[in-house]
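Okay, here's what each chain looks like letter by letter:
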Amino acid sequence: MSHPAWKVVPADPTAMRPADPGTTERMLVGPETGSVHFDMAEVEIAPGARIPGRVQPFEESFYVLGGTAVVTIGTAAYEVTTDDFGMIPLGTPYAWANPGGEPVRLLRVRAPQPRHLRGAEPRFSVSTVEPQTRGMIPPREVAAPHRPVGRFDSAHLPAPGPLNMRGYRGPRISGVSIWMLIDELAGAMHHTMFVVEFAPITERQTAGDHFHPFEEAYYFLTGSAIAHLEGADTPVAAGDLVFSGVNALHGYTMTSDVPVRWIEIQAPVPPPNGATFFPDDWRQDADGMAGPGR
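On a predicted model such as this, the values are computed, not experimentally measured, just so you know.

Here is what the cut-offs are and how they apply
- Residues numbered from 1 in each chain as written.
- Predicted model: local features only at pLDDT ≥ 70, side-chain atom pairs only at ≥ 80, totals over all residues.
- Heavy atoms only, no water.
- 1 Å grid on protein atoms, 1.4 Å probe; cavity = no way out; pocket = protein on both sides within 12 Å on 5 of 7 lines; lining within 4 Å.
- Points joined across faces, edges and corners; volume = space filled by probe spheres on them.
- Helix = DSSP H or I, 4+ residues; strand = E, 2+ residues; numbered from the N terminus.
- Buried < 20%, exposed > 50% of the residue type's maximum accessible area, 1.4 Å probe, protein only.
- Pairing = 2+ DSSP bridges.
- Phe/Tyr/Trp six-rings, centres within 6.5 Å; stacked < 30°, edge-to-face > 60°.
- Salt bridge = Lys/Arg side-chain N within 4 Å of Asp/Glu carboxyl O.
- Core = buried A, V, L, I, M, F, W, Y, C linked by side-chain atoms within 4.5 Å.
- Contact = heavy atoms within 4.5 Å.
- Lys, Arg positive; Asp, Glu negative; His and termini not counted.
- Polar contact = N/O pair within 3.5 Å; in protein donor to acceptor, adjacent residues only side chain to side chain.

**Points about empty space enclosed by the protein**
Sizing a probe to match a water molecule and rolling it over the atoms shows the empty space that remains.
In step 1: For the structure shown, the criterion picks out 2 cavities of 30 Å³ or more.
In step 2: In this structure, the largest cavity occupies an estimated 200 Å³ of space.
In step 3: Together, 22 residues line the largest cavity, and L163, M165, I173, H210 and E264 are the ones closest to its centre.
In step 4: Of all elements in the fold, only β14 (163-165), β16 (176-182), β17 (192-198), β18 (206-210), β19 (215-222) and β24 (260-267) reach the threshold of two or more residues within the lining of the largest cavity.
In step 5: The space that makes up the second largest cavity amounts to roughly 160 Å³.
In step 6: Listing elements by their share of the lining of the second largest cavity, those giving two or more residues are β3 (23-29), β4 (39-45), β5 (50-55), β6 (59-66), β10 (94-97) and β11 (104-111).

**A few points about the pairing of strand β7 (residues 69-73)**
In step 1: The buried fraction of β7 is high, at 5 of 5 residues.
In step 2: Here β7 shows a buried face lined by A69, V71 and I73 and a second buried face lined by V70 and T72.
In step 3: If you look at the hairpin formed by β7 and strand β8 (residues 76-80), you'll find 2 residues sitting between the two strands, and G74 has a positive phi there, around 65°.
In step 4: Summarising the sheet, β7 and β10 pair through 4 bridges and their orientation is antiparallel. The partner of T72 across the bridge, within β10, is A95.

**With respect to the packing of aromatic side chains**
In step 1: Scanning all chains against the criterion turns up 9 aromatic pairs.
In step 2: Both rings, one in F198 and one in W262, keep their centres 5.6 Å apart while their planes meet at 50°; by these two values the pair is tilted. In this pair, F198 sits in strand β17 while W262 sits in strand β24, placing the two residues 64 residues apart along the sequence.
In step 3: Each member of the aromatic cluster is reached from another via a ring pair, and the members are F198, Y218, F220, Y252 and W262.

**Some details on the pattern of salt bridges**
Opposite charge on two side chains permits them to pair, given that their charged atoms come into close proximity.
In step 1: Scanning all chains against the criterion turns up 7 salt bridges.
In step 2: When the shortest N-O distance is used, the salt bridge between D20 and R123 registers 3.2 Å. Linking D20 in the loop between β2 (17-18) and β3 with R123 in the loop between β11 and β12 (124-125), this pair joins segments that are 103 residues apart in sequence.
In step 3: Taking relative accessible area as the criterion, D20 reaches 17% and is therefore assigned buried.
In step 4: Where D39 meets R110, a salt bridge forms, and the shortest distance between an N and an O atom there is 2.8 Å. One end of the pair, D39, is in strand β4; the other, R110, is in strand β11, and 71 residues separate them in sequence.

**Examining the nonpolar core**
In step 1: Of all hydrophobic cores here, the largest spans 27 residues; its most connected members are F38, M40, Y63, L181, L241 and I263.
In step 2: If near-sequence neighbours (up to four positions away) are discounted, L241 is found in contact with K7, V8, V9, L28, V29, M40, A217, Y218 and Y219.

**Quick notes on the side chain of D240**
In step 1: Along the polypeptide, D240 turns up in the loop between β21 (232-237) and β22 (241-244).
In step 2: Comment: no salt bridge for buried D240; closest opposite-charge side chain is R26, at 6.8 Å.
In step 3: In this structure the side chain of D240 is engaged in a polar contact, spanning 2.9 Å, whose partner is the backbone nitrogen of A237.
In step 4: Setting aside residues no more than four positions away along its own chain, D240 makes contact with V9, P10, A11, Y218, Y219, F220 and P235.

**Section: the sheet that holds β10**
In step 1: As summarised here, the arrangement of the 5 strands in space is β8-β7-β10-β5-β12, forming an open sheet in which the pairing is antiparallel. Either end of the sheet is taken by a strand with one partner, and the two such strands are β8 and β12.
In step 2: Alignment of β5 against β10, held across 3 bridges, turns out to be antiparallel. Each residue of the ladder has a partner; that of R50, found in β10, is A97.

And the structure:
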């Protein structure tokens, strides 16, 4: 019996390929990695490029890795730069422009995973939205339905502690800080995006092996770790991506004396209960229930 899908995608700035006019992209997650619920790519928008208005039957989020662009979502235009993020709800017209002299680098997530129709992605041109060269500056707070763009700041992160998030809270993952970027508050129905950070190591820190009823991706921004994936150990560092499919066993050992930070994606949206399973916990509970006379 084969293991559930997982994949490590190493950093490779030479792997960008032409996409929309004025853009290049590198697919990180999609059918080729075993994903069925979302896709994810590094996207670069060239200086002066304009991506005309379009609408699509899936939701799309982004996180800016570098540069400054203007994204128009519905009736509002926003100037976004490094560490800004945003959400384009399903069926909402949008457009992009890079009016500056430097490339813009994005992480782009789309969910549900786009299905090709007649050999092409189902994105449709609209004339009601045009690329803009100026926009509002996002406030330093979480995005909301009436303001789909926000700005992440390291000051947002709470003090490191046990994992406490939708569907799970407990000590199996500790020394961690989490800040949500994209979820239902931002209008997302099919995926979530958030920042995870582990403090610099002073002793062995781990995220114990576990699995989920949904898919995940981890895009590393800083630091280094060992990814434990169905029994295979792989070093990962800034620029690398790890994909973990439904029921794929995964965990991490931190190996960095600087904070380990990644952008994490989950799709579909995790359930309010039964979201995370630690096999060791179930073994211990089963042993306890069996009693001394087993």
